[in-house]
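Single-letter residue listing:
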Amino acid sequence: MPMSFLDDKSFAKRTIALVYQIQKSSIPSALSFKLVGAVSGIWPIKEVDGRPLLYHSSAVLCVDSNTEFRIMVEETRVVVYLTNMSSSSYISPDIAASIQECLTVTLQAVLKFYLISIGKNQKKVNLTNLFNIEVGEVCGRSPCVVSISKVKQTANWVCECGKKHSSRRSLLWVFNKKQEECPSHCQGLGKTALTMSPSEQHLSRLANQLDINSCRELMIHLGLQLNDWNDIDYSYTRMPLVIKIMALNFWRTKTIRGKPTKSFNDLLDALKAVGDERHLLCKVFREDTHLLGKI
């Protein structure tokens with residue numbers, strides 16, 4: 001990827017950074033392609049003058065009309081820049097945390113696939129030891145990042161360059177999960193929420209709550225053909241989380257007869273049909289703080 005964007009003096013003021021430091025081994029080129037390919041299946045690749053900004057082991061992706069992010073897979077780390085067109089102050093915490101969550105589970109799946117393919121015992125693969133996550137901003141032409149635990153301990157931190165960074169901006173990457181389970185009196189999502197269309201991030205969170213067999217059954221109830229599922233399964237063999245994310249996003253964008261739009265109500269009906277009563281959609285919404293009033 002051309003690095004000229006770092007020459008833009010306003011880039012640092014409009015951007016927050018996320019870095020995955022890979023432990024013990026480097027990322028093979030084939031796996032970097034899988035990671036970028038999986039991510040581009042969730043967010044569209046940005047185009048300039050009709051040309052997609054897709055490069056060797058890196059890409060620029062669109063989040064919305066005001067937000068984009070760059071992902072660059074290097075030998076021992078993955079660097080992500082999330083940029084708002086005006087200022088980093090306008091970056092949505094839901095967008096940043098959703099991107100981090102999706103990238104984390106996808107990277108885990110890709111690295112686990114690689115380790116198993118070279119002979120590691122699946123039961124002995126510890127996902128928590130595969131990489132460290134660091135968050136921060138941009139200094140000069142580099143990501144300036146520290147561990148999440150350090151950022152949570154102070155309102156500001158000073159980097160090696162002597163620059164003070166706001167912990168609040170760095171923590172945009174992290175969900176504040178105060179409540180994991182629904183209270184006993186919860187009746188599920190309200191009518192307003194059920195009529196809304198799920199985003200890529202909503203579906204990624206839902207995928208993380210389902211096992212592979214439940215997801216397959218759910219997709220059939222949502223109207224996907226079995227051959228659609230099999231094609232996705234074949235493309236991402238031994239990467240169950242990525243399969244689930246891709247299948248749900250395929251449903252979201254696919255034209256299905258009798259279903260011109262897709263809503264949370266469709267997901268709720270399908271979840272009930274497969275006998276899942278765990279309030280999974282409540283969990284999906286709980287992490288969208290700006291939507292809590294609609295539940």
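Residues numbered from 1 in each chain as written. Predicted model: local features only at pLDDT ≥ 70, side-chain atom pairs only at ≥ 80, totals over all residues. Heavy atoms only, no water.

Visitor: Whenever I open this one, helix α6 (residues 200-209) confuses me. Can you help?
Guide: Structural remark: α-helix, 3.6 residues per turn; residues separated by three or four positions point the same way. Burial analysis of α6 places eight of its 10 residues in the buried class, the great majority of the element. Glu200, Gln201, His202, Leu203, Ser204, Arg205, Leu206 and Ala207 are the residues of α6 that are buried. (Buried < 20%, exposed > 50% of the residue type's maximum accessible area, 1.4 Å probe, protein only. Helix = DSSP H or I, 4+ residues; strand = E, 2+ residues; numbered from the N terminus.)

Visitor: So what exactly am I meant to see when it comes to the confidence of the model for the protein chain here?
Guide: Detailed reading of the predicted coordinates is not advisable wherever pLDDT is low. On average, residues of the protein chain carry a pLDDT of 83, and 89% of them reach 70 or more. By mean pLDDT, helix α11 (residues 280-286) is the weakest element of the protein chain at 77, and strand β7 (residues 77-84) is the strongest at 94. Predicted confidence is poor over residues 288-295, with pLDDT under 50, and the contacts of this stretch with residues over four places away or in other chains come to 17 contacts. (pLDDT = per-residue confidence, 0-100. Contact = heavy atoms within 4.5 Å.)

Visitor: So what exactly am I meant to see when it comes to the nonpolar core here?
Guide: Across soluble globular proteins, you tend to see nonpolar side chains buried next to one another. In terms of nonpolar packing, the biggest core is built from 79 residues, with Phe69, Ile71, Trp173, Met219 and Leu267 touching the most fellow members. Those residues in contact with Phe69 that lie beyond four places of it in its chain are Val39, Trp43, Ala59, Val60, Leu61, Val63, Val80, Tyr81, Leu82 and Ile99. If you look at the next biggest cluster of nonpolar residues, it comprises 10 residues, including Leu6, Phe11, Val19 and Met72. (Core = buried A, V, L, I, M, F, W, Y, C linked by side-chain atoms within 4.5 Å.)

Visitor: What am I meant to see in the side chain of Ser204 here?
Guide: Within the fold, Ser204 resides in helix α6. Its relative accessible area of 3% is what places Ser204 among the buried residues. Apart from residues no more than four positions distant in its own chain, Ser204 is found in contact with Ile42, Cys102 and Ile245.

Visitor: Hey, could you run me through unusual backbone geometry in this one?
Guide: Peptide bonds are mostly trans, and most non-glycine residues show a negative phi. Here the phi dihedral of Asp49 falls at roughly 55°; this positive angle occurs in a residue that is not glycine. Summarising the element assignment, Asp49 is placed in the loop between β2 (47-48) and β3 (51-52). One non-glycine residue, Ser57, lies in the positive phi region at around 65°. Among the secondary structure elements, Ser57 is positioned in the loop between β4 (54-55) and β5 (58-64).

Visitor: Would you mind going over the pairing of strand β1 (residues 15-22) with me for this structure?
Guide: Regular strands place side chains that alternate from one sheet face to the opposite one. For β1, a buried count of seven out of eight residues is recorded, marking the element as mostly surrounded by other parts of the structure. Looking at chain direction, β1 and β7 are connected through seven bridges and run antiparallel. By the bridge assignment for β7, Leu18 is matched with Val80. Sheet topology places β1 next to strand β8 (residues 131-139); six bridges connect them, and they run antiparallel. In the strand pairing of β8, Ala17 is matched with Gly136. (Pairing = 2+ DSSP bridges.)

Visitor: Which parts of the structure should I look at to understand the sheet that holds β7?
Guide: Strands belonging to one sheet form pairs held by backbone hydrogen bonds; the direction of such a pair is parallel or antiparallel. Overall, antiparallel pairing links the seven strands, which are arranged β4-β5-β6-β7-β1-β8-β9 in an open sheet. One side of each edge strand has no neighbouring strand; the edge strands of this open sheet are β4 and β9 (142-147). Sheet analysis places β5 next to strand β6 (residues 67-73), joined by six bridges and oriented antiparallel. Of the residues in β6, the one forming a bridge with Leu61 is Phe69. Each of β4, β5, β6 and β7 is contacted by helix α1 (residues 29-40), which is oriented at about 165° to β6, the strand it contacts most. Packing against the sheet, helix α2 (residues 93-117) makes contact with β1, β5, β6, β7 and β8, and its axis sits at approximately 20° to β1. (Axes fitted to C-alpha atoms, helices over the stretch in contact; angles between N-to-C directions.)

Visitor: Hey, could you run me through helix α7 (residues 212-221) in this one?
Guide: Turning to α7, its buried residues are Cys215, Leu218 and Met219. One side of α7 carries all its buried residues, which in axial view fall inside an arc of 100°. For α7, the N-terminal cap is Asp211; the gap from its side-chain oxygen to the backbone nitrogen of Asn213 is 3.1 Å. Phi turns positive, to about 110°, at Gly223, one or two residues after α7. (Arc of directions from axis to C-beta. Polar contact = N/O pair within 3.5 Å; in protein donor to acceptor, adjacent residues only side chain to side chain.)

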